[in-house]
Amino acid sequence: MVVILSAVLSASGAFGQPARSAPQEVGPRLDMVAAQLAGGGYRELPPRKGGALDHRRSERLNLNLEAGRRYAVAVVCDAFCRDVDLEIFDQTNNRLAADMQAGPAAVVEFRPRWSGPVSVRVRLYDCQASVCAYGLGAFVR
């Protein structure tokens, strides 16, 4: 996952000086992560999700997954964002996986024990603007 994060960082340019508006840049950043995950045998599960959050705010999104399959969930944020965190929780709020390391992208891989919904928490930990955009993709292999 370090390679994925390095690719997103190097393509980001200077923080605080985006070449495009924030929502337009998260799609290409997520495309880069998707391409690297595809190289590891993952395929993307549409649709992508996304939104915008204030500095240090979070929100939860739901995904329905099948037991025993290997999944990756990735989130990227815009050039105003220096750190996005990602956590996956089961139906009883037990944390299944997390990427809490600093950086403008987070990726977790895991295998759920049962089929059904999981909750994905996206937290924009360090946003240098009043609002930062993010994009999230789920992948299976």
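Note: the structure precedes this text.
Residues numbered from 1 in each chain as written. Predicted model: local features only at pLDDT ≥ 70, side-chain atom pairs only at ≥ 80, totals over all residues. Heavy atoms only, no water.

Draft legend 1. Representation of the pattern of salt bridges within the structure. Considering all chains together, one arrives at 6 salt bridges under this definition. Arginine 29 is the salt-bridge partner of glutamate 25, the closest N and O atoms lying 3.3 Å from each other. Taken together, the residues glutamate 25 and arginine 29, both in helix α2 (residues 22-39) and 4 residues apart, mark about one turn of the helix. In this structure arginine 29 comes out as buried when scored by relative accessible area, which is 6%. Note that glutamate 66 and arginine 69 form a salt bridge whose closest N and O atoms lie 3.9 Å from each other. Its relative accessible area of 44% is what places glutamate 66 among the partly exposed residues. (Salt bridge = Lys/Arg side-chain N within 4 Å of Asp/Glu carboxyl O. Helix = DSSP H or I, 4+ residues; strand = E, 2+ residues; numbered from the N terminus. Buried < 20%, exposed > 50% of the residue type's maximum accessible area, 1.4 Å probe, protein only.)

Draft legend 2. Broad picture of the state of the cysteines. Under the definition given, this model contains 2 disulfides. Here cysteine 77 is linked by a disulfide to cysteine 81, with a sulfur-sulfur distance of 2.2 Å. Linking cysteine 77 and cysteine 81, the disulfide has an S-S dihedral of approximately -75° and is accordingly described as left-handed. Cysteine 77 gets classed as buried once you look at its relative accessible area, which sits at 0%. Given the relative accessible area of 0%, cysteine 81 is considered buried. What pairs with cysteine 127 in a disulfide is cysteine 132, and their sulfur atoms sit 2.0 Å apart. Torsion about the S-S bond of the cysteine 127 and cysteine 132 cystine: about 95°, corresponding to right-handed handedness. For cysteine 127, a relative accessible area of 6% corresponds to the buried category. Disulfide partners in the protein chain, listed by the sequence order of the bonded cysteines, are 1-2, 3-4. (Disulfide = S-S within 2.5 Å.)

Draft legend 3. Structural context of the sheet that holds strand β2 (residues 57-65). Read from one edge of the open sheet, 4 strands run β2-β7-β4-β5, paired in antiparallel fashion. Here the strands that pair on one side only, and so sit at the sheet edges, are β2 and β5 (95-99). Ignoring strand direction, the axes of neighbouring strands in this sheet form an average angle of 20°. Relative to strand β7 (residues 116-127), strand β4 (residues 81-89) runs antiparallel, the two sharing 8 bridges. Its bridge partner being in β7, cysteine 81 is matched across the sheet by cysteine 127. (Pairing = 2+ DSSP bridges. Axes fitted to C-alpha atoms, helices over the stretch in contact; angles between N-to-C directions.)

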